[in-house]
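Reading the structure
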Amino acid sequence: MKLARNILLVDDEASWLRTLAVTLNRLVPEAEIDTCVDSRQVINRLQVGDYALVLLDLTMPFDCGETLLAMIRSEFPNTRVIIVTGVNEVDTAVRCIKNGAYDYFIKTDKVEELAQSVRRALEVVGLERNYLHIKERFLSRTLDNPQAFNNILTCEPQMLDQFRYLEAVAFSPEPLLIFGQSGTGKCEFARACHSLYSPQAPFLTINLAGISSEVFAQKMCGHLHHNSDGQVDAVAGLLHQVGDGVLYLNEVGALPLAAQITLLDLLETRQYYPLGSDSAYPVRCKFVASTQDDLLKLHQAGQFRSDLLYRLRAHKIKLPPLANRPLDISMLINHFIAQAASEMALPAPQQPADLATKLASYNFPGNLHELKGMVFDAVSRSDGVALNISPFMEAINEHKSLTQAPLDTLVFPKVLPSLAQMNQALIDEAMSRTANNQTAAAQLLGISQSALSRRLKGH
Ligand SMILES: Nc1ncnc2c1ncn2[C@@H]1O[C@H](COP(=O)(O)OP(=O)(O)OP(=O)(O)O)[C@@H](O)[C@H]1O
């Protein structure tokens, strides 16, 4: 289930129906429009078609509009009804709204206003359907499409929860925001979302780190170039290329403020204009954005728009760092050994039984990128039987020496103390460590007991 977009237009005047269908096709291009001239067929049509919205005339032979309105609201509560009629009576309008009509228009009203109301009704139905779907999926403990997660190995319960959540929200047309350090698997999750949402359509990525607002607009929307000979060259943007697929916005936190407005506009209007063109095209893709930065903090620092932030995180996934997934380490090492051996055409060496335990205290600052790199290095250095563990031990020892360094090294404050202050601090420390035993303290300081005694008296 994606956008709610099926609309049934009901009116006994065939020519009016045709005109209305053409107008709405133009003003609400994302809608799929059917017509019905015979009021007796409306309920049958609703039973077989998945209509989000019915535009209903009031005065028709056989079943009148008000009767149909009551039937639709009771039998198809998830379908909205907008009355479009020649009856310009306040009483009738009030009665229809009270009986559940979403809106009421006179046939002579401005079509733009009707189109706006149609858009809003489709959005409301879409949101309701999404909410129900997400609730149902999330409450279920099993995955319907486990194959979508084939490339994400894990047995950590917190990650499996994220699978179920992703499966529940993948079909929503709202954006998905994936938050996690580099190498925690954000791109793999975006791909899993694509496998669930639109596996037949493209998956495209745009890296936003360092991009300028102009390049962003051009890459997204494409452009038309008007040559001097009157010819027009068109360059298709990502929004055109991706079609109904998934567009992955990598590092959205790096997007300049002006480009954030462009993105917000795309998300809100679901329309775009190629540069150099004044024709609007519909945005049909799903957006998945990733970030290593806390967007709320970026917003507080004035670097990220709050309206975009709230729009992007309609659905959000937070991926834990690898150091918090101890159950996965051994399995991931085996996975990367197999991958490395196959890519380098080498025999796959065996993982030593205690390697994962040795790595338990290592914090993997580069997450899976780092683990993968270590395994590839280890496989290339192995004899084909046992995995060479030196790349792992080097990282562990480096980590140890970095974290222990401050203990063995003097750390001076920014403003250096005077020699007299340092002397006094050393004497105080030695006296305190030896419980005020002057002989022992003098030994620690490398001076005689009488010299220490003189200094203490002087102090
Ligand atoms: N759970 C997993 N099981 C197996 N391989 C994984 C898993 N998670 C990630 N990988 C692999 O680890 C590498 C890093 O993952 P990925 O690119 O998805 O991370 P990322 O968070 O998007 O990184 P970056 O922020 O640098 O773009 C990739 O080669 C990916 O295939």
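Computed from a predicted model, the values in this text were never measured in an experiment.

Moving on, we get to the site of the ligand. In the vicinity of the ligand, 18 residues are found, and the nearest of them are S182, G185, K186, C187 and L368. Secondary structure elements with two or more residues in the shell around the ligand: helix 7 (186–197), helix 13 (329–344) and helix 15 (367–380). Counted by class, the shell around the ligand contains 5 nonpolar, 10 polar and 3 charged residues.

Next up on the list: unusual backbone geometry. Here the phi dihedral of E251 falls at roughly 65 degrees; this positive angle occurs in a residue that is not glycine. For E251, the position within the fold is in the loop between strand 10 (246–250) and helix 10 (257–269). Judged by the 19 C-beta atoms lying within 10 Å of it, E251 falls in the partly exposed class. Of note in the backbone geometry, N367 takes a positive phi value of approximately 50 degrees without being a glycine. Relative to the assigned elements, N367 resides in helix 15.

Once that is clear, we can look at the pairing of strand 13 (residues 286–291). The buried fraction of strand 13 is high, at 6 of 6 residues. On strand 13, burial covers both faces: K286, V288 and S290 on one face and F287, A289 and T291 on the other are all buried. Pairing between strand 6 (residues 176–179) and strand 13: 4 bridges, direction parallel. Bridging from a neighbouring strand, L177 pairs with A289 of strand 13.

Spatial ordering of the open sheet is given by 2-1-3-4-5, a layout of 5 strands whose pairing is parallel. The open sheet has two free edges, formed respectively by strand 2 (32–36) and strand 5 (103–106), since each of these has just one partner strand. If you compare each strand with its neighbour and ignore which way they point, the axes differ by 20 degrees on average. Here helix 1 (residues 14–27) sits on the sheet and contacts strand 1 (6–10) and strand 2; the angle it forms with strand 2, its principal contact strand, is near 175 degrees.

A few words now on the UniProt feature "modified residue: 4-aspartylphosphate" (unreviewed entry) in the chain. What UniProt calls "modified residue: 4-aspartylphosphate" (unreviewed entry) maps, in this numbering, to D57. Positionally, D57 belongs in the loop between strand 3 (53–56) and helix 3 (65–75). Using a count of 24 C-beta atoms within 10 Å as the deciding quantity, one classes D57 as buried. The contacts of D57, once residues within four sequence positions are left out, are V10, D11, D12, G65, V84 and T85.

Here we take up the pairing of strand 14 (residues 315–318). Burial along strand 14 is one-sided: the residues H315 and I317 are buried and none of K316 and K318 is. Looking at chain direction, strand 6 and strand 14 are connected through 4 bridges and run parallel. Directly across from L177, in strand 14, lies its bridge partner K316.

The subject of this paragraph is helix 15. With 14 residues, helix 15 extends 20 Å from end C-alpha to end C-alpha; this agrees with the ideal 20 Å at 1.5 Å per step. Those residues of helix 15 that sit buried are N367, L368, L371, M374, V375, A378 and V379. Viewed along the axis of helix 15, the buried residues span an arc of 130 degrees, placing them on a single side of the element.

This paragraph deals with the sheet that holds strand 13. As summarised here, the arrangement of the 5 strands in space is 7-10-13-6-14, forming an open sheet in which the pairing is parallel. Of all strands in the sheet, those with a lone pairing partner are strand 7 (203–207) and strand 14, marking the two edges. With direction set aside, neighbouring strand axes in the sheet form an average angle of 20 degrees.

The next subject is the packing of helix 17 (residues 419–433) against helix 18 (residues 438–445). Following both chains from N to C, one finds helix 17 and helix 18 inclined at 130 degrees, their axes separated by 8 Å at the closest point. Taken together, the axes of helix 17 and helix 18 are oblique relative to one another. Our pair here, helix 17 against helix 18, has a crossing hand that is right-handed. Counting all contacts with helix 17, which are made through L426, I427, A430, M431 and R433, the residues of helix 18 involved are A441, L444 and L445. Classifying every residue of the contact of helix 17 with helix 18 gives 7 nonpolar, no polar and 1 charged.

Core analysis: the largest hydrophobic core is formed by 43 residues, its most contacted members being I178, F189, C193, V246 and V288. The element contributing the most residues to this core is helix 7, with 6 residues. Every residue in contact with C193, bar those within four places of it in the chain, is listed here: L166, A170, L176, V246 and V288. By size, the runner-up hydrophobic cluster in this structure holds 33 residues, among which are I7, Y51, Y102 and Y104.

Here the focus is the packing of helix 13 against helix 15. At a minimum axis distance of 9 Å, the contact between helix 13 and helix 15 shows a crossing angle of 55 degrees. Taken together, the axes of helix 13 and helix 15 are oblique relative to one another. In the packing of helix 13 onto helix 15, the handedness of the crossing is right-handed. Along the contact surface, helix 13 presents L332, I333, F336, I337, A340, A341 and M344, while helix 15 presents L371, K372, V375, F376, V379 and S380. The residue makeup of the contact of helix 13 with helix 15, split by class, is 11 nonpolar, 1 polar and 1 charged.

Mapping A323 onto the fold places it in the loop between strand 14 and helix 13. Among the residues examined, A323 registers 16 C-beta atoms within 10 Å and is labelled partly exposed. Spatially, the C-alpha atom of A323 lies 5.0 Å from that of N363, the residues being 40 residues apart in sequence. Each residue touching A323, except ones within four places of it in the same chain, is listed here: N363 and F364.

Each value, and the rule that gives it
Residues numbered from 1 in each chain as written. Predicted model: local features only at pLDDT ≥ 70, side-chain atom pairs only at ≥ 80, totals over all residues. Near = placed C-beta within 6 Å. Helix = DSSP H or I, 4+ residues; strand = E, 2+ residues; numbered from the N terminus. Nonpolar A, V, L, I, M, F, W, Y, C, P; charged D, E, K, R; others polar. Buried ≥ 20, exposed ≤ 12 C-beta atoms within 10 Å, placed from the backbone. Pairing = 2+ DSSP bridges. Axes fitted to C-alpha atoms, helices over the stretch in contact; angles between N-to-C directions. Contact = placed C-beta atoms within 7 Å. UniProt positions renumbered as here; feature names shortened; annotations may be inferred. Expected span 1.5 Å × (residues − 1). Arc of directions from axis to C-beta. Parallel < 35°, antiparallel > 145°, perpendicular 65-115°, else oblique. Left-handed = near helix turned anticlockwise from the far one by under 90°. Core = buried A, V, L, I, M, F, W, Y, C linked by C-beta atoms within 7 Å.

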